[in-house]
Amino acid sequence: MIELAEIEAARDRIAGAAVRTPLVRLYVDDVPAQIYLKLENLQPINSFKIRGATNAIMAAPKEAWARGLVTASAGNMAQGVAWAARELGVPATIVVPEHAPEAKLAAISRLGGQVRKVPYDDWWNIIVTSRVDGVDGLFVHPVQDPGVMAGNGTIGLEILEDLPDPDAVVIPYGGGGLTVGIASALRALRPQTQIITAEPATAAALAAALPAGRPVDVDYTASFVDGSGSRRVLDSMWPLVSPLVDKALAIPVDEVAAALRTLAERVRVIAEGAGALAPAAALSG
């Protein structure tokens, strides 16, 4: 769990980079809940990742990042790190899996990041080891860096400021950094709120781990929901995630696609696959 003081410090640290995004109501008939959307797609890089990346980098001493920044990401953390590198005037090296979408790779390049494509297994090994051989610079882990999680936790602060008494908050689960950050803020300020995660059914590692009581390997199939899901919950994240999550859901990919259409039709929001996971879970009841 991330301390509330660290999340509050992160809010001050990222001011001027990340924006305070709105919480808007999604009006849909025949759904047994009031659904609100936290529109992190309105961030400068169209993703919440700018929060954690900026906080982790700004909390590090200058000598740590003076030679550059490095991360492993399917796209969004890559953009957060590349954005920060451009602002600081240092190079950014981004290692991506071979199936990373071209739209995200183009965005990384626009921000000045240098992309290295590797097979998924090699990319996953970098996530596990937090090391890219032969590259200098500060490695910003996309998930397990405490500064990244604290930055993500600022979303939880904003949710409660706009909606003080949510019964549940549904969080798309990829590596766990977003979940730990938001859940830490909620547990500190409104512990009765239920924490629910959503993963694509094609890569639902947490949904398998919770009933098993430990991380287990699952079949992983790449899909358009590229920013969420994995083949296994990171062992380093399990002790942080497991006490915070009340329920983990595996969402069929076709339901995610339907949620994407609903968001476009009802609130004119163009979301990526992972961004539609939580609405898909809420819309399913």
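Cut-offs and rules
- Residues numbered from 1 in each chain as written.
- Predicted model: local features only at pLDDT ≥ 70, side-chain atom pairs only at ≥ 80, totals over all residues.
- Heavy atoms only, no water.
- Helix = DSSP H or I, 4+ residues; strand = E, 2+ residues; numbered from the N terminus.
- Rg over C-alpha atoms; globule rule 2.2 N^0.38 Å.
- Buried < 20%, exposed > 50% of the residue type's maximum accessible area, 1.4 Å probe, protein only.
- Areas by Shrake-Rupley, 256 points an atom, 1.4 Å probe, with all protein chains shown as cover.
- Arc of directions from axis to C-beta.
- Polar contact = N/O pair within 3.5 Å; in protein donor to acceptor, adjacent residues only side chain to side chain.
- Contact = heavy atoms within 4.5 Å.
- Pairing = 2+ DSSP bridges.
- Axes fitted to C-alpha atoms, helices over the stretch in contact; angles between N-to-C directions.
- Parallel < 35°, antiparallel > 145°, perpendicular 65-115°, else oblique.
- Left-handed = near helix turned anticlockwise from the far one by under 90°.
- Nonpolar A, V, L, I, M, F, W, Y, C, P; charged D, E, K, R; others polar.
- Core = buried A, V, L, I, M, F, W, Y, C linked by side-chain atoms within 4.5 Å.

Enquirer: With reference to specific residues and values, describe the overall build of the protein chain.
Expert: When its secondary structure is counted, the protein chain shows twelve helices and nine strands. Computed over C-alpha atoms, the radius of gyration of the protein chain comes to 18 Å, within 12% of the 19 Å expected from 2.2 N^0.38 for 285 residues, which places it in the range of a compact globule. Along the first, second and third principal axes, the C-alpha set of the protein chain runs to 55 × 40 × 40 Å. Expressed as a percentage of its 285 residues, the buried residues of the protein chain come to 53%. With the model as given, the accessible surface of the protein chain reaches about 12300 Å², and the carbon-plus-sulfur share is 50%.

Enquirer: Before we move on, could you go through helix α1 (residues 4-14) and cite the residues and values that matter?
Expert: The set of residues buried in α1 consists of Ile7, Ala10 and Ile14. Projection of α1 onto a plane perpendicular to its axis shows the buried side chains occupying an angular sector of 55°, all on one side. What points out from α1, more than 90 degrees from its buried face, is the exposed set Ala5 and Asp12.

Enquirer: Any chance you could break down the side chain of Thr193 for me, citing the residues and the numbers?
Expert: Mapped onto the secondary structure, Thr193 falls in the loop between α8 (177-189) and β8 (194-200). There is a polar contact of 2.8 Å between the side chain of Thr193 and the backbone oxygen of Pro166. A polar contact of 2.8 Å, which involves the side chain of Thr193, links it to the side chain of Arg190. Among residues more than four places away in sequence, those in contact with Thr193 are Pro166, Asp167, Ala168, Val169, Leu186, Arg187 and Asp246.

Enquirer: How would you summarise the sheet that holds β8 if you had to cite specific residues and measurements?
Expert: Strand order in this open sheet of three strands is β7-β8-β9, and the pairing throughout is parallel. What marks the edges here is a single partner per strand, and that holds for β7 (168-172) and β9 (247-251). The mean inter-strand angle of the sheet, taken between neighbouring strand axes irrespective of direction, is 25°. Summarising the sheet, β7 and β8 pair through five bridges and their orientation is parallel. What sits directly across from Ile171, in β8, is Thr197. Along the sheet, helix α12 (residues 277-284) contacts β7, β8 and β9; its crossing angle with β8, the most-contacted strand, is approximately 110°.

Enquirer: I'd like a rundown of the side chain of Ser73, residues and numbers included.
Expert: Here Ser73 lies in the loop between β3 (69-72) and α4 (76-88). Take Ser73: its relative accessible area is 4%, and that puts it in the buried class. Reaching out from Ser73, the side chain makes a polar contact with the backbone nitrogen of Met77 at a distance of 3.3 Å. In this structure, Ser73 is in contact with Ala78, Val95, Val96, Pro97 and Trp123, ignoring residues within four places of it in sequence.

Enquirer: Please give an account of the packing of helix α2 (residues 49-59) against α4 that cites residues and values.
Expert: Remark: α2 packs on α4, axes separated minimally by 8 Å, with the N-to-C direction vectors making an angle of 45°. The pairing of α2 with α4 is recorded here as oblique in orientation. The handedness of the crossing between α2 and α4 comes out as right-handed. Where α2 approaches α4, its residues Lys49, Ile50, Ala53, Ile57 and Met58 are matched on the opposing element by Asn76, Met77, Gly80, Val81, Trp83, Ala84 and Leu88. Counted by class, the contact of α2 with α4 contains nine nonpolar, two polar and one charged residues.

Enquirer: I'd love a proper account of the nonpolar core, names of residues and values included.
Expert: Counting 44 residues, the largest nonpolar core has Trp123 and Leu206 as its most contacted members. Broken down by secondary-structure element, the contributors of at least two residues to this core are α1, β3, α6 (120-129), α7 (146-162), β7, α8, α9 (205-212) and α10 (238-241). When neighbours within four sequence positions are excluded, Leu206 is seen to be in contact with Tyr173, Thr197, Glu199, Val233, Trp238, Val241, Val245 and Ala248.

Enquirer: Outline the packing of α2 against α7, supporting the account with residue identities and numerical values.
Expert: Close contact between α2 and α7 brings their axes to 7 Å; oriented N to C, the two are set at 130°. In terms of orientation, α2 and α7 fall into the oblique class. Crossing of α2 over α7 shows right-handed handedness. Of α7, the residues touching α2 (which contributes Arg51, Gly52, Asn55 and Ala56) are Gly147, Val148, Ala150, Gly151, Asn152, Thr154, Ile155 and Glu158.

Enquirer: Could you give me a rundown of unusual backbone geometry, with the residues and numbers involved?
Expert: For Asp30, which is not glycine, the phi dihedral falls at a positive 60°. If you trace the backbone, Asp30 turns up in the loop between β1 (23-26) and β2 (35-38). For Asp30, a relative accessible area of 81% corresponds to the exposed category. One non-glycine residue, Ser130, lies in the positive phi region at around 60°. Mapping Ser130 onto the fold places it in the loop between α6 and β6 (138-139). With a relative accessible area of 27%, Ser130 lands in the partly exposed category.

Nothing here speaks to function; it is all geometry.
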